[in-house]
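Overview (structure and organization)
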Amino acid sequence: MPEDSKIQKTINLCVRRGFVFPSAEIYGSFGGFFDYGPAGAELKANVRQSWWRRFVQNREDMLGLDGAVLTHPRIWKASGHVDAFNDPLVQCQKCKHRFRADHLIEQELHESVDGISEAKLNELFKKHKLACPDCKGALSEAKKFNLMFKTSVGATEDNYAYLRPETAQVIFANFKYLQQIGRKALPFGIAQAGRSFRNEISPRNFVFRGREFEQMEIEFFLHPDKLDDCPDFDRISKHKALFCTEADQKTGHTGHEMSFGDAVKKKIIQTRWHAYWLAEALDWFAGLGLTKVRLRQHRSDELSHYAKETWDVEYDYPEWGWKELMGIANRTDFDLLAHAKESGKDMTVFDEATKQKVVPHVIEPSFGLDRLVFTLLLDAFEEKKDAPKAAANEGNSANADGKARKPTTPAVEVKTILHLSPIVAPIKVAVFPLMKKDGLGEKAWDVYTALKKTLPQSVYDESGSIGKRYARQDELGTPYCITVDHQTLEDGTVTLRERDSGGQTRVKMDKIADAIDG
Ligand code: ATP
């Protein structure tokens, strides 16, 4: 990535301000693993909490789950992951570097080959005489590489287990038990946020593709004959989105704007419940400030083995172009039937309305937390160049000693602002004394400690000039700064500065929380 690209600048900011950085740097880092520092941990927790509140706590039809990370091997046998969770791998015969075959082709030929067979990939390698990008050596044939991490459990090496490569299967394995203890009738969902692990062949693009990452997944269970029976559909049917259909992809079109109502009427989206969940996801993203997105239909040659229909929410990345942010799949009854077969347990639910015992079908909105956090940071990133300031006395033709002055190049100050939504910003408000003396430090500390009771994500800063302190907070995405000055001691007001406009207003100390909320 060139140093002046927006993505690279955002990565630099992430590392410089401790949002997120490669893990174990003191040992030369550990490919595909990342650590989140104070600002990143708060940001990530805010996004997770917003998701949990909206999709679990604020709904009557959702059950929460926090399942195990190390999981029984039969779960993954049933789900098909043992046999089919593979990516195509090629290895250079000379330098032995390994690459993901489809990514290499996409990089060299600039065409999407997501999901195509190894045989077809090998044809493309031959046809275009593709070689190792690092040393130009000959490449091996593409072969399947399973992405699951395997480890042994207990004192014997034969007892193995997998680190879950997705959170979804832990939901399916618990489906019947949770339905019973949650006393839920169809339709209802189970949601889980937690870590997943994939032994990605070539983790790249920073946290966009890591080997350990967090997912936030919902499995929404429906009567198989009622995938159009969605009571909330009317509410979302007029919402619009940019749809990139399979036909658009064949003609290289970005997509067309359409309402969800029209997309269902024209059978572009097959079912109302699928449309509803796509609209819900976009609405949540918009609430976090993310609007540069489109819905891309999976082509028939790229659909996963379990899916009947899948749409990805894609974001338009500055240097990468459109890429998957999350996916929403119609998984039918594939997983419940697979677990019923492997475990011998009943996965049916009695539907009171139809008096039928059915194996539910599933719509799965699958969000990636790390990918979303990085996308929010990138989307919020802005560099502002201040007009060159003439140095003091610039224009005088001579110095005090009478010698001719060397012309100086006026410095252009570059400031970084993260326009993060207050919902996710790691720090909501920063409190400064204008100066430490005259009792201003103590007063500002009192304001800060009072505020922290209701807004725990507040900080206090008294070092450096006010301008430097504003700049420090702008880089962290803090939406509000409060300055305590001499007037505060007289009339109990403080200066409230808003990040995006830079506007400053005087506010009574006891009205700060209202001003920030408003
Ligand atoms: P990709 O095609 O980018 O590999 P995927 O289609 O395999 O992704 P899913 O299995 O649908 O991804 O997982 C759901 C979500 O989990 C993705 O949309 C993404 O946000 C996140 N995700 C998947 N793999 C990774 C990864 N290696 N690193 C970070 N996030 C990931």
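Read on for an overview of the structure. (Residues numbered from 1 in each chain as written. Predicted model: local features only at pLDDT ≥ 70, side-chain atom pairs only at ≥ 80, totals over all residues. Heavy atoms only, no water.)

Some details on the overall build of the protein
A tally of helices and strands in the protein yields 17 helices and 26 strands. A principal-axis box enclosing the C-alpha atoms of the protein has dimensions of 90 × 60 × 60 Å. For the protein, the residues scored as buried account for 50% of the 518 residues in total. Look at the contacts in the protein between residues 6 or more apart in sequence, and 66% of them connect residues 24 or more apart. (Helix = DSSP H or I, 4+ residues; strand = E, 2+ residues; numbered from the N terminus. Buried < 20%, exposed > 50% of the residue type's maximum accessible area, 1.4 Å probe, protein only. Contact = heavy atoms within 4.5 Å.)

Some details on the sheet that holds strand β8 (residues 150-152)
In a beta sheet, neighbouring strands are held together by backbone hydrogen bonds and run either parallel or antiparallel to one another. Judged by pairing direction, the sheet is antiparallel, and its three strands sit side by side in the order β4-β9-β8 without closing on themselves. Bordering the open sheet on either side are β4 (70-71) and β8, each of which pairs with just one other strand. (Pairing = 2+ DSSP bridges.)

Digging into the pairing of strand β9 (residues 160-163)
Bridge count for β4 against β9 is two bridges, and the pairing is antiparallel. Bridging across to β9, T71 finds its partner in Y162. The pairing of β8 with β9 spans three bridges and is classified as antiparallel. Bridging across to β9, S152 finds its partner in Y160.

Concerning the site of the ligand
Residues in contact with the ligand amount to 15 residues; listed here are only the nearest, E200, R209, G210, E324 and L325. Q215 places a side-chain nitrogen or oxygen 3.2 Å from an oxygen atom of the ligand. When isolated, the ligand has an accessible area of 590 Å², and the protein chains bury 85% of it. Among the secondary structure elements, those contributing two or more residues to the shell around the ligand are β11 (212-222), β16 (321-332) and β19 (361-368). (Near = heavy atom within 4 Å. Polar contact = N/O pair within 3.5 Å; in protein donor to acceptor, adjacent residues only side chain to side chain. Areas by Shrake-Rupley, 256 points an atom, 1.4 Å probe, with all protein chains shown as cover.)

Details of the sheet that holds strand β26 (residues 504-508)
With respect to topology, five strands assemble into an open sheet ordered β23-β22-β24-β25-β26, the strand pairing being mixed. Each edge of the open sheet is held by one strand with a lone partner, namely β23 (458-460) and β26. Pairs of neighbouring strands in the sheet enclose a mean axial angle of 25°, with direction left out of account. The strands touched by helix α14 (residues 440-454) within the sheet are β22 (429-433), β23 and β24 (480-484), with β22 carrying the most contacts at an inclination of about 160°. Here helix α15 (residues 466-476) sits on the sheet and contacts β22, β23, β24, β25 (493-498) and β26; the angle it forms with β22, its principal contact strand, is near 170°. (Axes fitted to C-alpha atoms, helices over the stretch in contact; angles between N-to-C directions.)

Side note on the packing of aromatic side chains
Under the definition given, this model contains 32 aromatic pairs. Centre to centre, the rings of W445 and Y448 are 5.1 Å apart; their planes meet at 55°, and the pair counts as tilted. With W445 and Y448 both in helix α14 and three residues apart, this pair spans about one turn of that helix. Accessibility expressed as a relative area gives 10% for Y448, which makes it buried. (Phe/Tyr/Trp six-rings, centres within 6.5 Å; stacked < 30°, edge-to-face > 60°.)

Digging into helix α7 (residues 168-182)
Spanning 15 residues, α7 covers only 18 Å between terminal C-alpha atoms, well under the ideal 21 Å at 1.5 Å per step. Bending of α7 peaks at approximately 60° at the position of F175. Of the residues making up α7, those classed as buried are A168, Q169, V170, I171, F172, F175, K176, L178 and Q179. One or two steps after α7, the chain reaches R183, where phi turns positive at roughly 50°. (Expected span 1.5 Å × (residues − 1). Bend = angle between axes of the 7 residues up to and from the residue.)

Details of the pairing of β25
The buried count for β25 comes to five of six residues, which makes it a mostly enclosed element. The pairing of β24 with β25 spans four bridges and is antiparallel. When the bridges of β25 are listed, C481 appears paired with R497. Summarising the sheet, β25 and β26 pair through five bridges and their orientation is antiparallel. What sits directly across from T495, in β26, is R506. Count of turn residues in the β25/β26 antiparallel hairpin: five residues, of which G502 carries a positive phi of about 75°.

Notes on the environment of T151
Tracing the backbone shows T151 in strand β8. Considering only alpha carbons, one finds T151 and Y162, 11 residues apart in sequence, at a separation of 6.2 Å. In contact with T151, other than residues within four places in its own chain, are L70, N159, Y160, A161 and L163.

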